[in-house]
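Descriptive structure summary
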Amino acid sequence: MAVPKRKTSKARRDSRRSSNWKLSLPGIVECPQCHSRKLAHRVCKKCGYYDGKQVVGAENGGKE
């Protein structure tokens, strides 16, 4: 069995481990109806539109 010749430093060990923990930003886009920011491919919470059609009733009546 192969044995390491030297102890792996904390910096080298941690940099190797950190590459698996990178998080990506969520896809935030502008709603084409009310121009508020929303998550991509989801119904807008402010106006209730998705893909150009109103699919749910707006929580605040469509007012900003």
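Definitions and limits used
Residues numbered from 1 in each chain as written. Predicted model: local features only at pLDDT ≥ 70, side-chain atom pairs only at ≥ 80, totals over all residues. Heavy atoms only, no water. Buried < 20%, exposed > 50% of the residue type's maximum accessible area, 1.4 Å probe, protein only. Helix = DSSP H or I, 4+ residues; strand = E, 2+ residues; numbered from the N terminus. Lys, Arg positive; Asp, Glu negative; His and termini not counted. Salt bridge = Lys/Arg side-chain N within 4 Å of Asp/Glu carboxyl O. Polar contact = N/O pair within 3.5 Å; in protein donor to acceptor, adjacent residues only side chain to side chain. Contact = heavy atoms within 4.5 Å.

A few words now on unusual backbone geometry. We note that His 35 has phi near 65°; this positive angle belongs to a residue other than glycine. For His 35, a relative accessible area of 51% corresponds to the exposed category. Unusually for a residue other than glycine, Asp 51 sits at a positive phi of about 55°. If you trace the backbone, Asp 51 turns up in the loop between strand S3 (49-50) and strand S4 (53-54).

Of note, Lys 38 is situated in strand S2 (residues 37-39). Look at Lys 38: it is buried, it has no salt bridge, and the nearest opposite charge is Asp 51 at 9.1 Å. A polar contact of 3.0 Å, which involves the side chain of Lys 38, links it to the backbone oxygen of Arg 42. Contacts of Lys 38, omitting those with residues within four sequence positions, involve Gly 27, Ile 28, Val 29, Cys 31 and Cys 44.

Here we come to the pattern of salt bridges. Tallied over the full model, the rule gives two salt bridges. For Asp 51, the salt bridge identified is with Lys 53, shortest N-O distance 3.6 Å. Note on accessibility: Asp 51 and Lys 53 belong to one class, exposed.

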